[in-house]
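Close look at the chain arrangement
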Amino acid sequence: MNIVTLLPFIVLIGAMFLMTRSAKNKQRQAAQMRDQMQPGTGVRTIGGMYATVKEVSDDTVLLEVAPGVHAIYAKNAIGAVLEDDEYNRIVHGIEPHESETPVVPDDASSLTESEAPADKKIDLGKGEAAEAEKAAEPESEAAEKAAENTKDAKRDGKQDGDADAK
């Protein structure tokens, strides 16, 4: 057989090998994550429910969904094991300890506030010439639109209200 005819089969087998290999890696990482669960750890189920692990057995996990409310889940139903800071931030709304680093603003407003008051308008040199142009614009725009309409009517051979029906 010729190598050219075997090439598509070789590429197909290689792609299948790579896909199964990455899927096995993901499964291995998920199993490793589930083995890290200990009582007191915060978790998120595949359904999106946040809970605290109370007891871990071979195939199941006892979760505390609310104070005094316990539920048994399969280990495979655990989507993620969360860090303590992340779990407390999401479930209890407790922000992590704020550091001593200064907060950088999203915009430059805090940098320019002391230099120029917001009430004062800044003159960009347009002055009276810009105002004269603005006053002349409406008249020139109306004239241009009228010229375009007459040009279109002459080109089509139609007047306003005429139809294309024959």
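Everything below is about the structure printed above this text.
These numbers come from a predicted model, not from an experiment.

1. A few points about the overall build of the chain
- Counting its regular elements, the chain contains 4 helices and 5 strands.
- When the elements of the chain are put in sequence order from the N terminus, they spell out α-β-β-β-β-β-α-α-α.
- Out of the 166 residues belonging to the chain, those deemed buried represent 11%.
- In the chain, the share of contacts with a sequence separation of at least 24, taken over all contacts with a separation of at least 6, comes to 40%.
- Carbon and sulfur atoms make up 54% of the accessible area of the chain, which totals about 14300 Å².

2. Some points on the nonpolar core
- Met 37, Val 43, Ala 51, Val 53, Val 61, Leu 63 and Ile 78 together form the largest nonpolar core, which totals 7 residues.
- At the level of secondary structure, the elements contributing two or more residues to this core comprise β2 (50–56) and β3 (60–66).
- Dropping the residues within four chain positions of it, Val 53 is found in contact with Met 37, Gln 38, Pro 39, Gly 40, Thr 41, Val 43, Val 61, Leu 62 and Leu 63.

3. Some remarks on a negative patch on the surface
- There is a patch of like negative charges on the surface, built from Glu 83, Asp 84, Asp 85 and Glu 86.
- Along the polypeptide, Asp 84 turns up in helix α2 (residues 84–92).

Here is what the cut-offs are and how they apply
Residues numbered from 1 in each chain as written. Predicted model: local features only at pLDDT ≥ 70, side-chain atom pairs only at ≥ 80, totals over all residues. Heavy atoms only, no water. Helix = DSSP H or I, 4+ residues; strand = E, 2+ residues; numbered from the N terminus. Buried < 20%, exposed > 50% of the residue type's maximum accessible area, 1.4 Å probe, protein only. Contact = heavy atoms within 4.5 Å. Areas by Shrake-Rupley, 256 points an atom, 1.4 Å probe, with all protein chains shown as cover. Core = buried A, V, L, I, M, F, W, Y, C linked by side-chain atoms within 4.5 Å. Patch = residues over 30% accessible without salt bridge, like charges linked within 9 Å, V, L, I, M, F, W, Y side chains within 5 Å. Salt bridge = Lys/Arg side-chain N within 4 Å of Asp/Glu carboxyl O. Lys, Arg positive; Asp, Glu negative; His and termini not counted. Charge placed at Lys NZ, Arg CZ, Asp CG, Glu CD.

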